[in-house]
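Spelled out from the first residue to the last, the chains are:
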Amino acid sequence: QLARIQTDSVVTMLRELYPDLHFEIAVAMSTTGDKILDTALSKIGEKSLFTKELENALEKNEVDLVVHSLKDLPTSLPPGFTIGAVCKRENPLDAVVFHPKNCGKTLSLLPEKSVIGTSSLRRAAQLKKKFPQLQFRDIRGNLNTRLKKLDEKEDFSAIILAAAGLNRMGWEHRIGQLLDPEDCLYAVGQGALAVEVRAKDHEILNMVSTLHDADTVLCCIAERAFMKRLEGGCSVPVAVSTLLKDGQLYLTGAVYSLDGSDSLKETMQTNVNYPHQNEDGPNDDVQHVGITAKNVPSQAQEAAENLGVELANLLLSKGAKHILSVARQLNDTR
């Protein structure tokens, strides 16, 4: 349902921009990540968990564009594909949805040993450290399934979800607590929608590029570059927070051990206030961590990507590689 709502929202924007074109939502399909519901995401070990089947349809020209949650897209896309649009970001924060009996509480007010549901190592690692009195357990399934598990059983006192998904579903009223970055840094790309297209299909690429939100593009390039340099993914806890203000892009990034006891966190900034120049010609196919954004100044994109790499290098110089490799090994043996 959420995937359909997200796709509908992109198609609605395209129909307004191109009233003479016919858009058809032809295919609704399940991906590997949708089908394997009895295993933690971090254990499945498939890089393109929520994207592979959709990319196959794109490759065969069965569809012309695919709408994803950007956080589901790997930092390196298969050859021949690109992210042709990154839409304006919804709230990127994580949200706590409480069991009806805990309505009006916050995580700090829950009884000791209360069980919190999340399928994210990133969320669990940060919250275990902040709330050692709570227990964290895997919960899988789409939003409807997870909320049903929360409401109809007594297994969980609360679950953690992305605020963006709840907002898009019209379920803002279920959010009992928003976790600000001090409590829980968010996932790379969280809250942003990406439109994936064939990299050489310039007609489609030019069409969808009008959906790019420049601020979101720059934030997400920095976040994805940070993750890529760390070789992070859903099997290790990597988290970010970005802020773009007065032409300065601020990126906070962190890595965690699985129990949150060991962590590294730093913030860096860079100037992204560059004028837009017409850059037709050989730069047409330039991608920054999988994103093609011709209508965003290329110098700004390069600065954002460099910021992500430099912040990752700073954490690596302080021992991030060890924290992540231990987390990966522990996750593999769980």
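All values derive from a computational prediction rather than experimental measurement.

Asker: Help me get a handle on the sheet that holds strand 10 (residues 248–256), residues and values and all.
Answerer: On the basis of which strands lie adjacent, the open sheet formed by 3 strands has the order 9-10-11 and antiparallel pairing. Single-partner strands in this sheet number two, and they are strand 9 (238–245) and strand 11 (263–271). Going across the sheet, the axis of each strand differs from the next one's by a mean of 15 degrees, ignoring polarity. Alignment of strand 9 against strand 10, held across 8 bridges, turns out to be antiparallel. Note that in strand 10 the partner of Val240 across the bridge is Gly253. With respect to the sheet, helix 5 (residues 121–130) is in contact with strand 9, strand 10 and strand 11, its orientation differing from that of strand 9 by roughly 90 degrees. With respect to the sheet, helix 10 (residues 298–317) is in contact with strand 10 and strand 11, its orientation differing from that of strand 11 by roughly 150 degrees.

Asker: Tell me about helix 4 (residues 52–59), and please be specific about residues and values.
Answerer: Within helix 4, the full set of buried residues consists of Leu54, Glu55, Ala57 and Leu58. Along the axis of helix 4, the buried positions cluster into a sector of 155 degrees, meaning they face one direction only. Of the surrounding elements, those touching the buried residues of helix 4 are strand 1 (66–69), strand 2 (81–86) and strand 8 (193–198). Asn61 occupies a position one or two residues after helix 4 and carries a positive phi of about 65 degrees.

Asker: So what's going on with the packing of aromatic side chains? Residues and values would help.
Answerer: Tallying each qualifying case throughout the model produces 0 aromatic pairs. Stacked on the ring of Phe156, the Lys or Arg Arg137 has its end atom at 5.7 Å from the ring centre.

Parameters at a glance
Residues numbered from 1 in each chain as written. Predicted model: local features only at pLDDT ≥ 70, side-chain atom pairs only at ≥ 80, totals over all residues. Heavy atoms only, no water. Pairing = 2+ DSSP bridges. Helix = DSSP H or I, 4+ residues; strand = E, 2+ residues; numbered from the N terminus. Axes fitted to C-alpha atoms, helices over the stretch in contact; angles between N-to-C directions. Contact = heavy atoms within 4.5 Å. Buried < 20%, exposed > 50% of the residue type's maximum accessible area, 1.4 Å probe, protein only. Arc of directions from axis to C-beta. Phe/Tyr/Trp six-rings, centres within 6.5 Å; stacked < 30°, edge-to-face > 60°. Lys NZ or Arg CZ within 6 Å of the ring centre and 35° of its normal.

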